[in-house]
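# Analysis of the macromolecular model
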Amino acid sequence: MGGSRNILVTGATGYIGGRLVPRLIEEGYSVRVFVRSRSRIASRPWAGQVKVSVGDVRDTRTLQEALQGTDTAYYLIHSMGSGPGFRELDIELARSFGHAAKEAGVRQIIYLGGLGEPDGELSAHLRSRQESGQALREGGVHVTEFRAAVIVGTGSVSFEIIRHLVERLPVMVCPKWIYSRIQPIAIDDLLDYLVAALSVPGNKDRVIEIGGRGVTTYRDLILRYAKARGLKRLLLSVPVLTPRLSSYWVHWMTPIHASIAAPLIEGLRNDVVVTDGLARTLFPHIVPKDYDSAIEEVTRALDEGRVETSWRDAVGSALESHELVQLDSRNGLIVERRRVHIAASATNVYGICTGIGGKRGWYFGNWAWRLRGMIDLMLGGVGLRRGRRHPDDLRVGDALDLWRVEALETDRFLRLRSEMKLPGNAWLQFDIREVQEGITILEQKAVFSPTGLAGLLYWYSLYPIHGWIFEGLIKAIAKRAERADAAQEAQIPEYQIGDD
């Protein structure tokens, strides 16, 4: 490890930053994150292992406070979703950050920009990424600028556009940009480069182009992802399809808003490939994956329901929302999230959650659960006949009616994986957090990873029924937990509490 031990990460709630921070912690660095709201990282598993500075890059005072004592700062900020003037705003923020870093005595800034021939006709997005790197250098601090193309990983906005279109459209009408040359990079390889820049000599004041092993086209990216997912897709190329029309199509068919899709799609007309071997010279120990290997990791993550970070993490904060129901699509997963405040201890809430199923039933709409079990049996599935091993105790790997216990942590969470016959994979998760003595927040997540169009039709056709079932379930859990808490205070024996 080199001399840079005190690290500041901007953009820590975003897709890259949210994955970089735990990597830095694992490497033994002292990490500070610069966020607009402390609540934005409250639910991250690493939240208690970092120092937190709250502020805004446009606020010189809070920025200076965050940079004090910092050896190296990661600049992972962009304004692409802010509207037509994002290019000017990106440059302004980068310039301000570079000067503030110089005043604070920062020795190195590590920045992630975009590939593309600097002397070519770059899109506004790609041009702004490269100009932001130059603006950072104006402050006089040593800058290490990495340039990358599409990042292959669940939650990467560029890759999510490709993934959603492949999953949802058997036939795609594509503009001529599908033949543009591209050198995608796996998210893990990208993080390896970002971390290695702290300790590998010779990378300061360098522009380092990074990519995966092999150059391909967007057409090939689409077809190879479809093949990995077991989907047959037909691509029809048309001579004229403007970036604006394409962005509206992406807006309608994926979770990515047109304001974000438009600058990205405009950039697809540019070839984005590595043009020199500097990355191999400076970082010979990093051997990037090829696209197929990166896709294999993506599909494995989708099948396992692993949700780390997403492009959506940098916008808004679901944690602080008080809406009962939220439905979004992230990292290839459809997530229906419900939240309720319960006047009970986390222990009692956890006990009710882990006591679900078997002879005790599902607390709400048991007839619907029994009907679903019968349908599953007719389809060749497991149905409800397995019950559960013990009426109260659960262990990882236990069968639980139509589900299997995938993960649990006492008084904190329970995750069940569906073993029903489905056009996709499904999970049911309960997250439990006692915010003050006797007051607990329960967040219930129904998660579905659809396989192709059949999976999407299944989810949305049954959504009204699922909504009714899961809303009733979380309310029933809350009611039982509060009753259990009241019974403890009144010292009523548990066997007298009764069931609904």
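So, here's what we can say about the structure. Model, not experiment: these values are computed from the prediction.

The next point concerns the overall build of the protein. Helix and strand counts for the protein come out as 14 helices and 20 strands. Residue burial in the protein is summarised as follows: out of 500 residues, 54% are buried. For the protein, the exposed surface amounts to about 22200 Å²; the carbon and sulfur share of it is 53%.

What follows is about the pattern of salt bridges. Following the criterion strictly, the structure yields 30 salt bridges and no others. Note that Arg-147 is salt-bridged to Glu-145, the shortest N-O span being 2.9 Å. Classification of Arg-147 as buried rests on a relative accessible area of 9%. Taking relative accessible area as the criterion, Glu-145 reaches 0% and is therefore assigned buried. Ionic contacts of the salt-bridge type, sharing partners, join the residues Arg-337, Arg-339, Asp-431, Glu-443 and Lys-445 into one network.

The next thing to look at is the environment of Tyr-218. The residue Tyr-218 is located in helix H7 (residues 218-228) in this model. Between the C-alpha atoms of Tyr-218 and Trp-177, which are 41 residues apart in sequence, the distance is 7.5 Å. Sequence-distant contacts of Tyr-218, that is, excluding residues within four places in its chain, are made with Val-150, Ile-162, Trp-177, Ile-178, Ser-180, Ile-182, Leu-268 and Val-272.

With 12 residues, helix H5 (residues 157-168) extends 16 Å from end C-alpha to end C-alpha; this agrees with the ideal 16 Å at 1.5 Å per step. Burial analysis of H5 places 11 of its 12 residues in the buried class, the great majority of the element. Inspection of H5 places Val-157, Phe-159, Glu-160, Ile-161, Ile-162, Arg-163, His-164, Leu-165, Val-166, Glu-167 and Arg-168 among the buried residues, and these make up the whole buried set.

Okay, the sheet that holds strand S2 (residues 30-35) next. Strand order across the open sheet formed by 7 strands is S3-S2-S1-S4-S5-S6-S11, with parallel pairing between neighbours. Both outer strands of the open sheet, strand S3 (51-54) and strand S11 (206-209), are each paired with one neighbouring strand and no more. This sheet shows a mean twist of 20° between the axes of neighbouring strands, independent of strand direction. In the sheet, strand S5 (residues 108-114) pairs with strand S6 (residues 142-148) via 7 bridges, with the strands oriented parallel. Counted as the bridge partner of Ile-109 is Val-143 from S6. Here helix H4 (residues 124-137) sits on the sheet and contacts strand S4 (72-75), S5, S6 and S11; the angle it forms with S5, its principal contact strand, is near 165°. The strands touched by helix H6 (residues 187-196) within the sheet are S4, S5 and S6, with S6 carrying the most contacts at an inclination of about 170°.

You can see Gln-183 is positioned in the loop between strand S9 (181-182) and strand S10 (185-186). Among the polar contacts made by the side chain of Gln-183, one reaches the main-chain carbonyl oxygen of Gly-212 at a distance of 2.9 Å. A distance of 3.0 Å separates the side chain of Gln-183 from the backbone nitrogen of Val-274, its partner in a polar contact. Ignoring sequence-local partners within four residues, the contact set of Gln-183 consists of Ala-149, Gly-211, Gly-212, Gly-214, Val-215, Val-272, Val-273 and Val-274.

The end-to-end C-alpha distance of helix H11 (residues 291-304), which contains 14 residues, comes to 20 Å, matching closely the 20 Å that a straight helix rising 1.5 Å per residue would cover. For H11, the set of buried residues is Tyr-291, Ala-294, Ile-295, Val-298, Thr-299, Ala-301 and Leu-302. Mapping the buried residues of H11 onto a view down its axis gives an arc of 160°, with all of them on the same face.

What follows is about unusual backbone geometry. Despite not being glycine, Asp-205 has its phi angle at roughly 60°, a positive value. In this structure, Asp-205 sits in the loop between H6 and S11. Among the residues examined, Asp-205 registers a relative accessible area of 46% and is labelled partly exposed. Even without glycine at this site, Asp-401 takes up a positive phi of about 55°. With relative accessibility at 3%, the residue Asp-401 sits in the buried group.

Right, let's talk about the packing of aromatic side chains for a bit. According to the stated counting rule, one finds 12 aromatic pairs in the structure shown. Seen from their ring centres, Trp-362 and Trp-403 are 6.4 Å apart, and the 40° between their planes marks the pair as tilted. Highlighted residues: Trp-362 in the loop between helix H12 (346-354) and helix H13 (366-378) and Trp-403 in strand S17 (residues 403-409), separated in sequence by 41 residues. By the burial criterion, Trp-362 is buried, and Trp-403 matches it. Aromatic ring contacts, followed pair by pair, group Phe-448, Tyr-458, Trp-459 and Tyr-463 into a single cluster.

The next point concerns the pairing of strand S1 (residues 6-10). Counting buried positions over the 5 residues of S1 gives 4, a clear majority of the element. Pairing of S1 with S2 involves 5 bridges; the strand directions are parallel. Within the sheet, the bridge partner assigned to Val-9 lies in S2 and is Val-33. In this fold, S1 hands off to helix H1 (residues 17-26), which returns the chain to S2; that crossover is right-handed. In this structure, S1 lies alongside S4, joined through 3 bridges in parallel fashion.

Tracing the sequence through the fold places Asn-203 in the loop between H6 and S11. In this structure the side chain of Asn-203 is engaged in a polar contact, spanning 2.7 Å, whose partner is the side chain of Thr-144. Here the side chain of Asn-203 touches Ala-197 through a polar contact of 3.1 Å, landing on its backbone oxygen. Apart from the residues lying within four places of it in its own chain, the contact partners of Asn-203 are Gln-108, Thr-144, Ala-197, Ile-208, Leu-282 and Phe-283.

Parameters at a glance
Each chain carries its own residue numbering, running from 1 in the written order of its sequence. Only residues with pLDDT of 70 or above have their local features reported here, since the model is predicted, and side-chain atom pairs are shown and tallied only from 80 upward, although totals for entire chains, interfaces and linings are computed over all residues. Here the side-chain values reflect all heavy atoms present in the structure, with hydrogen atoms and water set aside. Per the convention used, a helix needs a DSSP run of H or I reaching at least four residues, while a strand needs a run of E reaching at least two, with both numbered from the N terminus. Partly exposed residues are those whose accessible area sits between 20% and 50% of the maximum for their type, while under 20% is buried and over 50% is exposed, using a 1.4 Å probe and protein chains only. Note on areas: these come from Shrake-Rupley sampling with a 1.4 Å probe, and a residue is covered only by the protein chains present in the view. Throughout this description, the term salt bridge denotes a Lys or Arg side-chain nitrogen within 4 Å of a carboxyl oxygen of Asp or Glu. In what follows, residue pairs with any heavy atoms lying within 4.5 Å of each other are defined as contacts. What a helix is expected to span follows from its residue count: subtract one and scale by 1.5 Å. Pairs of strands are assigned from DSSP output, requiring at least two bridges between the strands. Working convention: axes come from line fits to C-alpha atoms, limited for helices to the stretch in contact. Angles between N-to-C directions cover 0 to 180 degrees. Polar contact is the term for a pair of N or O atoms within 3.5 Å; when the atoms are in protein, one must be able to donate a hydrogen and the other to accept it, and sequence-neighboring residues count only if both atoms are side-chain atoms. Of all possible arcs, the one meant is that of the directions from the helix axis to the C-beta atoms. Two aromatic rings, drawn from Phe, Tyr or Trp (for Trp, its six-membered ring), form a pair once their centres lie within 6.5 Å of each other, and the interplanar angle then sorts them: stacked below 30 degrees, edge-to-face above 60, tilted otherwise. Orient the strands so they point away from the viewer; a crossover is then right-handed if the path from the first strand over the helix to the second runs clockwise.

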